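# Secondary and tertiary structure notes
Read off the chains here:
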Amino acid sequence: MRVAQRMVTRNYMKSLNTALGRRAESLERSGSGLKFKKLSENVADGTRAMRIQEERTHSQSALENVETILLEYNSVDSTMDSIDASIQTIQEKVLKAMSDSHGETNRDVLASEIKNLRDQILQFVNAQFADKYLFGGTNNAGPAFDLDSDGKVTFNGVKVEDIYRNADGKYCFLDAGGTEQPVPDCGDVYIDIGLGMKIDSGTPDPRTAFQMSFDSLLMLGYGAGKAGEKYGTPVAGNVIDLLTQLESAVAADNKQAIDDLQGQLVTLNDNMRMSRTDLGTRVNYLERTKDRLENDIDNLSEMESALISADPAEEAINMKMCEYVWLATLQLGTQILPSSLLDFLR
């Protein structure tokens, strides 16, 4: 069989282009750090990598949510610390007021100080963080706590002393007609922290999401109150109204009422500290969740890298091999191609 020079040249050029193409591919993998640049080049690993990227993106979003909640809870803890410090100061004022050595002028000063501290606590429970009310429930349109014309504290427009919990554990009140109504904007707020949040009929499943809202009514107290333990003085069921009563009792030098009100203040302050303990439990859980999410993101990144990232050492070897093949192909050309064509290729 006769082998024409044209056939030899064509086959040689094909081999030369193949060697050059492989060298270019190796150079591209070395430069990009990727095993392949198109999904069609490796469908199996590419599909797995896309799923891992999607899962990692979800974990990163959950991690950002956790970090945001932790920052918000730091503000909540600081606010609760300020409220607790104010109550401790009020208790000191009350002890002074119960002393017989204080005259009417001094009692008026103590009553005024108690009123000012009450107003400060009211400001604390309406504190904001990142344009969000910390203790407002789902209400972010304005301060949740306020004083009505009678000087009674309200929560989202409802007197706190009229609020109670029904059989389902929901905060409610009775309207003018005696019908039970839910307290406005008093629902729980949930957020996704990587637990696979599910929503049923517009309501998140508490088992798959984290409740980030804080129960301010439980913290400050609610309801109609009760009679004092020692003298039967009517005492409010919430801190703000109780401080209003204390102000009046101190100004009137009603020591029996002051004694009963002081006892109720200690009880409500203990309940507030229990709420702070709950806050600490949440923070610990979020910090552990943050560690888990960070580890998940690192592991997913390693899995993705194993699927799509090129091995630098292996690619360096491949690059050298391609160079050797390229040089060997050129060397072969000196023997089978005419000198004029070889000079052109060079």
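Refer to the structure presented above.
Within any chain, residue numbers begin from 1 and follow the written order of that chain's sequence. Where local features are concerned, this predicted model is filtered to residues with pLDDT of at least 70; where side-chain atom pairs are given and counted, the filter is 80 or more; whole-chain, interface and lining totals use all residues. Hydrogens and water are ignored here; the side-chain numbers use all heavy atoms of the structure.

### Side note on the packing of aromatic side chains
- Centres within 6.5 Å make a pair out of two Phe, Tyr or Trp rings, where for Trp the six-membered ring is used; the pair is then stacked when the planes are under 30 degrees apart, edge-to-face when over 60, and tilted otherwise. Under the defined criterion, the tally for this structure stands at 5 aromatic pairs.
- Geometrically, the ring pair formed by Phe 135 and Phe 214 is edge-to-face, given 6.2 Å between the ring centres and 75° between the ring planes. With Phe 135 in the loop between strand E2 (132-133) and strand E3 (145-147) and Phe 214 in the loop between strand E12 (210-211) and helix H4 (216-220), this pair connects stretches of sequence that are 79 residues apart. In this structure, Phe 135 and Phe 214 share a single accessibility class: buried.
- Measuring from ring centre to ring centre gives 5.2 Å for Tyr 171 and Tyr 222, while their planes differ by 90°; the resulting arrangement is edge-to-face. Here Tyr 222 lies in the loop between H4 and strand E13 (226-227) and Tyr 171 lies in strand E7 (residues 171-174), a separation of 51 residues in the sequence.
- When accessible area is computed with a 1.4 Å probe and restricted to protein chains, residues below 20% of their type maximum are described as buried, those above 50% as exposed, and intermediate ones as partly exposed. Owing to a relative accessible area of 8%, Tyr 171 belongs among the buried residues under this scheme.
- For Tyr 222, a relative accessible area of 25% gives the class partly exposed. Counting from the N terminus, the helices are DSSP H or I runs at least four residues long and the strands are E runs at least two residues long.

### Topic: the pattern of salt bridges
- By definition here, a salt bridge exists when the distance from a side-chain nitrogen of Lys or Arg to a carboxyl oxygen of Asp or Glu is within 4 Å. Considering all chains together, one arrives at 17 salt bridges under this definition.
- With a closest N to O distance of 3.4 Å, Asp 296 and Arg 292 form a salt bridge. With Asp 296 and Arg 292 both in helix H6 (residues 255-308), this residue pair falls 4 residues apart, about one helical turn.
- For Arg 292, a relative accessible area of 32% corresponds to the partly exposed category.
- Bridged by salt links that share partners, the residues Asp 77, Asp 81 and Arg 276 form one connected network.

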